Amino acid sequence: MMPTEIRIIIADIALEGELFDTPCAKAIAGVLPIETSPDEWGDEFYFGIPIAIPLDETATKKVKVGDIGYWPPGTALAIFFGPTPMSTGSEPVPASEVNLVGKITGDAKILRKAKGSHRVRIEKVTG
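Reading the values: rules and limits
Residues numbered from 1 in each chain as written. Predicted model: local features only at pLDDT ≥ 70, side-chain atom pairs only at ≥ 80, totals over all residues. Heavy atoms only, no water. Pairing = 2+ DSSP bridges. Helix = DSSP H or I, 4+ residues; strand = E, 2+ residues; numbered from the N terminus. Contact = heavy atoms within 4.5 Å. Axes fitted to C-alpha atoms, helices over the stretch in contact; angles between N-to-C directions. Phe/Tyr/Trp six-rings, centres within 6.5 Å; stacked < 30°, edge-to-face > 60°. Buried < 20%, exposed > 50% of the residue type's maximum accessible area, 1.4 Å probe, protein only.

Caption draft 1: Region of the structure containing the sheet that holds strand β1 (residues 4-10). Read from one edge of the open sheet, nine strands run β3-β9-β1-β2-β8-β6-β7-β5-β4, paired in antiparallel fashion. Single-partner strands in this sheet number two, and they are β3 (34-36) and β4 (39-40). The pairing of β1 with strand β9 (residues 120-124) spans five bridges and is antiparallel. Its bridge partner lying in β9, Arg 7 is registered against Glu 123. Sheet strands in contact with helix α1 (residues 23-30) are β1, β2 (13-19), β6 (67-71), β7 (76-80), β8 (99-104) and β9, and its direction is about 60 degrees off that of β8.

Caption draft 2: Fine view of the environment of Ala 114. Among the secondary structure elements, Ala 114 is positioned in the loop between β8 and β9. C-alpha separation for the pair Ala 114 and Asp 12, spaced 102 residues apart in sequence, amounts to 7.8 Å. Apart from residues lying up to four places away in sequence, Ala 114 is in contact with Ile 10, Ala 11, Ile 13 and Phe 45.

Caption draft 3: Looking closely at the packing of aromatic side chains. Counted according to the given criterion, the structure contains one aromatic pair. Geometrically, the ring pair formed by Phe 45 and Phe 81 is tilted, given 4.9 Å between the ring centres and 35 degrees between the ring planes. Of the two residues, Phe 45 is situated in strand β5 (residues 44-48) and Phe 81 in the loop between β7 and β8; the sequence distance between them amounts to 36 residues. According to the relative accessible area criterion, Phe 45 is buried, its value standing at 0%. Take Phe 81: its relative accessible area is 0%, and that puts it in the buried class.

Caption draft 4: Inspection of the environment of Ile 9 at higher detail. Topologically, Ile 9 is positioned in strand β1. Apart from the residues within four sequence positions on either side, Ile 9 is in contact with Ala 14, Arg 119, Val 120, Arg 121 and Glu 123.

Limitation: the analysis is restricted to geometry and does not speak to function.
Below is the structure:
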């Protein structure tokens, strides 16, 4: 069982990441590539994706910079790269529980330079 390698492209920034080997993450991998307009919530990009999955065994409100979560109430993918409006420190806090589906393997904080972007693309990295 292997994670799915992905590339996230926002503005002129491209970051490598991975989707975990969970049913929710595999469902997301199955609809890639996704290209859409992201919303921002503090240092978080989120955007609707065409899957609807409930919370699973990975569900948590404890996320770290670089985590990628699936947020069931909004059928949305969330990329965390710094504090959100619910944070009390430097770590992001989602609005409610998310399924942990992946992580950015590079420096996620660079995404702060992409705030205000109108397009995000997530694609599989093909060897």
